[in-house]
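# Coordinate inspection notes
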Amino acid sequence: MKPRVQPTSEEVTFLSDEIIVSKTDLKGRITYANATFSKICGYSRAELMNAPHSIIRHPDMPRCVFKLLWDQLGEEREIFAYVKNMTRNGAFYWVFAHVTPSFDNNGSVIGYHSSRRLPDRGVVREVIEPLYGALLQTEASYASPKDGLAASFAQLVNVVKSKAVSYDELIFSL
Ligand SMILES: Cc1cc2nc3c(=O)[nH]c(=O)nc-3n(C[C@H](O)[C@H](O)[C@H](O)COP(=O)(O)O)c2cc1C
């Protein structure tokens, strides 16, 4: 069961040489979490095991970002994304995440793997927070969550298009 955690305004940060690592099954349930992950989010490694990755989902994250993540993973592509996560006690921490499929020897996807670093604070504040805030607002402005997601996803695609680059190029230009 996903615990009901109330978000607070407390920020948790970590060192630039620390890497938060997790692996999941095909449904996004955690099959491995490193000690750094556990230390920062406040859940023990035993608690994280088999929990849905959304256990650390922050309500400030627009759903369209996770749609993009799962769409790309579904196409067996890796993705880089800025993500705001929530700790066990409701604090938040920003990460720059790389998420990629894991393949077996036959080339079949057997799960997913993510490594996260400390993001550039200026990029988060000046670019990501305003963008995610606008996307979240779009999602909230629809009575139907499905319509809200479609609209915010289209908005995200248009932001990328307006820069005349791919999503990956945009993310790495920040
Ligand atoms: C390898 C991997 C790592 C993930 N890491 C995170 C993460 O750090 N934070 C997060 O909120 N969701 C993460 N997700 C996405 C979640 O599975 C989920 O889609 C997201 O939290 C939205 O949850 P919801 O659809 O229940 O709202 C990850 C998924 C995978 C496959």
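Refer to the structure printed above.
I will try to describe carefully the structure that is included in this document.

Calculation rules
- Residues numbered from 1 in each chain as written.
- Predicted model: local features only at pLDDT ≥ 70, side-chain atom pairs only at ≥ 80, totals over all residues.
- Heavy atoms only, no water.
- Pairing = 2+ DSSP bridges.
- Helix = DSSP H or I, 4+ residues; strand = E, 2+ residues; numbered from the N terminus.
- Axes fitted to C-alpha atoms, helices over the stretch in contact; angles between N-to-C directions.
- Phe/Tyr/Trp six-rings, centres within 6.5 Å; stacked < 30°, edge-to-face > 60°.
- Buried < 20%, exposed > 50% of the residue type's maximum accessible area, 1.4 Å probe, protein only.
- Polar contact = N/O pair within 3.5 Å; in protein donor to acceptor, adjacent residues only side chain to side chain.
- Near = heavy atom within 4 Å.
- Areas by Shrake-Rupley, 256 points an atom, 1.4 Å probe, with all protein chains shown as cover.
- Nonpolar A, V, L, I, M, F, W, Y, C, P; charged D, E, K, R; others polar.
- Contact = heavy atoms within 4.5 Å.

A separate point is the sheet that holds strand β5 (residues 109–117). Strand order in the open sheet formed by five strands is β2-β1-β5-β4-β3, and the pairing between neighbours is antiparallel. Lying at the two open borders of the sheet, with one neighbouring strand each, are β2 (30–33) and β3 (79–86). Averaged over neighbouring strand pairs, the angle between their axes works out to 30 degrees when direction is ignored.

Under the definition given, this model contains six aromatic pairs. Centroid distance Trp70 to Tyr112: 5.5 Å. Interplanar angle 90 degrees. Geometry classified as edge-to-face. Of the two residues, Trp70 is situated in helix α3 (residues 63–74) and Tyr112 in strand β5; the sequence distance between them amounts to 42 residues. A centroid spacing of 6.0 Å and a plane angle of 25 degrees characterise the contact between Phe80 and Phe96, whose relative ring orientation is stacked. Of the two residues, Phe80 sits in strand β3 while Phe96 sits in strand β4 (residues 92–103), which places them 16 residues apart along the sequence.

Following the sequence through the fold, Ser114 ends up in strand β5. For Ser114, a relative accessible area of 5% puts it in the buried group. Only 3.1 Å separates the side chain of Ser114 from the backbone oxygen of His98, close enough to count as a polar contact.

Another aspect to go through is the site of the ligand. In the vicinity of the ligand there are 14 residues, among which Arg57, Phe66, Trp70, Asn85 and Arg116 approach most closely. A distance of 2.8 Å is found between an oxygen atom of the ligand and a side-chain nitrogen or oxygen belonging to Trp70. Across the complex, the protein chains shield 82% of the 620 Å² of accessible surface that the ligand would expose by itself. Secondary structure elements with two or more residues in the shell around the ligand: α3, β3 and β5. Looking at the shell around the ligand, its residues break down into seven nonpolar, five polar and two charged.

Looking along a regular strand, one sees the side chains alternate between the two faces of the sheet. By the bridge criterion, three bridges tie strand β1 (residues 20–24) to β2 in an arrangement that is antiparallel. Paired with Ser22 across the two strands is Ala33, which belongs to β2. Turn length for the β1-β2 hairpin, with the two strands adjacent in sequence and antiparallel, is five residues, and the turn residue Gly28 shows positive phi of about 90 degrees.

Moving on, we get to the environment of Arg88. You can see Arg88 is positioned in the loop between β3 and β4. Of the residues examined, Arg88 reaches a relative accessible area of 40% and is grouped as partly exposed. Sequence-wise, Arg88 and Val159 are 71 residues apart; in three dimensions their C-alpha atoms are separated by 33 Å. In this structure Arg88 touches Val5, Cys41, Gly42, Tyr43 and Glu47, once residues within four positions along its chain are discounted. At 2.6 Å, the side chain of Arg88 and the side chain of Glu47 are in polar contact.

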